[in-house]
Amino acid sequence: MNAAAPQGYDPHAFEPFAVTVDLAVFTVRESRLHVLLVERGEDPYKGHWALPGGFVLPRESAGTAARRELAEETGLAEETVPSLHLEQLGTYSEPDRDPRMRVVSVAYAALVPDLPEPRGGGDAAGARWWDAGQLGTLAFDHDRILADARARIGAKLEYTCLATAFCPPEFTLGELQQVYETVWGVELDRPNFRRKVLATPGFVQAVEGPPRRTGGRGKPAALHRAGAATALHPPLLRPEGRST
């Protein structure tokens, strides 16, 4: 039961504003980091690309609105969207960020493997995966949100074992390193990376049997699978000042 408004309180004394959600959903496709974008089908910014999102309904939480808008605007299957782990990124509240009215947005970020091809729906004219390194200017302040989200998922790989989800069930340490390089946008020192991974308890587990032959001239590489750990202790910190 809702509590009655305090005596003397006048809600009309405050200027109304809207609350929206925006979602920065990333995946790794063909060894490149991709982000899910929608083509806006309505003004403002009609025809421009933007993050999926929309208005929070009066009887709806921000988290519920995020999943609803993601399903409506991208056409992702009903069984796919509820299973996604959406992490609240931040709140964006600059007064002029939306030309329609005062709008405060709650943004979410996710890095998820094996997502299908999206299709436009709701007020989105289209939806597709975009190479995160080949984006133009996005609608609203979505460039800023996207940059913040990319930094957040990069940090997530430092402290969790999420990177193994983007590898085959049995993988080489070189394949695992490629996931880190793709998300972080840096080139890693191979011996140093291998040493840190193998020294982290529960990160990976060696696979018994013959090693996998590499495509180059090097010796066959040992195979590993994801270990039992979910968090990395110590964290696998990205290097500073080295980029691809």
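Note that this is a predicted model, so its numbers are computed, not measured.

A. The pairing of strand β6 (residues 103-111), seen in detail. Taking burial as the measure, the nine residues of β6 include nine buried ones, the bulk of the element. Residues Val 103, Ser 105, Ala 107, Ala 109 and Leu 111 line one face of β6 and the alternating positions Val 104, Val 106, Tyr 108 and Ala 110 line the opposite face, and both faces are buried. Here nine bridges tie strand β1 (residues 18-29) to β6, and the two strands are oriented parallel to one another. If you follow Asp 22 over to β6, its bridge partner there is Ala 107. Here five bridges tie strand β5 (residues 87-92) to β6, and the two strands are oriented antiparallel to one another.

B. Structural context of the packing of helix α3 (residues 173-184) against helix α4 (residues 190-199). For the pair α3 and α4, interaxial distance at closest approach is 10 Å and the crossing angle is 100 degrees. Regarding the angle of α3 to α4, the classification is roughly perpendicular. Residue-level inspection shows Leu 173, Leu 176, Gln 177 and Tyr 180 of α3 in contact with α4, the latter providing Arg 190, Phe 193, Arg 194, Val 197 and Leu 198. Across the contact of α3 with α4, the residue classes break down as six nonpolar, one polar and two charged.

C. Inspection of the environment of Gly 133 at higher detail. Locating Gly 133 in the fold gives a position in the loop between β7 (124-131) and α2 (142-159). Each C-alpha atom of the pair Gly 133 and Arg 190 lies 23 Å from the other, and the pair is 57 residues apart in sequence.

D. Summary view of the environment of Glu 170. Positionally, Glu 170 belongs in the loop between α2 and α3. C-alpha of Glu 170 to C-alpha of Leu 111: the two residues are 59 residues apart in sequence and 21 Å apart in space. The contact partners of Glu 170, leaving out residues within four places of it in the chain, are Glu 175, Val 207, Arg 212, Leu 223, His 224 and Arg 225.

E. A look at the packing of aromatic side chains. One pass over the structure, following the stated rule, counts five aromatic pairs. Ring centres 5.2 Å apart and planes at 70 degrees place the aromatic pair Trp 49 and Trp 130 in the edge-to-face group. Within this pair, whereas Trp 49 is found in strand β3 (residues 49-50), its partner Trp 130 is found in strand β7, the two being separated by 81 residues in sequence. The class of Trp 49 is partly exposed, set by a relative accessible area of 22%.

F. Inspection of the nonpolar core at higher detail. Ranked by internal contacts, the top residues of the largest apolar core, which has 39 residues, are Phe 26, Leu 111, Leu 157, Leu 176, Tyr 180, Val 197 and Phe 203. Elements that contribute at least two residues to this core include exactly β1, β2 (32-40), β5, β6, α2, α3 and α4. Ranked by residues supplied to this core, first place goes to α3 with six residues. Judged by nonpolar contacts, the second largest core, of 18 residues, contains Val 21, Leu 23, Leu 84 and Val 106.

Definitions and limits used
- Residues numbered from 1 in each chain as written.
- Predicted model: local features only at pLDDT ≥ 70, side-chain atom pairs only at ≥ 80, totals over all residues.
- Heavy atoms only, no water.
- Buried < 20%, exposed > 50% of the residue type's maximum accessible area, 1.4 Å probe, protein only.
- Helix = DSSP H or I, 4+ residues; strand = E, 2+ residues; numbered from the N terminus.
- Pairing = 2+ DSSP bridges.
- Axes fitted to C-alpha atoms, helices over the stretch in contact; angles between N-to-C directions.
- Parallel < 35°, antiparallel > 145°, perpendicular 65-115°, else oblique.
- Contact = heavy atoms within 4.5 Å.
- Nonpolar A, V, L, I, M, F, W, Y, C, P; charged D, E, K, R; others polar.
- Phe/Tyr/Trp six-rings, centres within 6.5 Å; stacked < 30°, edge-to-face > 60°.
- Core = buried A, V, L, I, M, F, W, Y, C linked by side-chain atoms within 4.5 Å.

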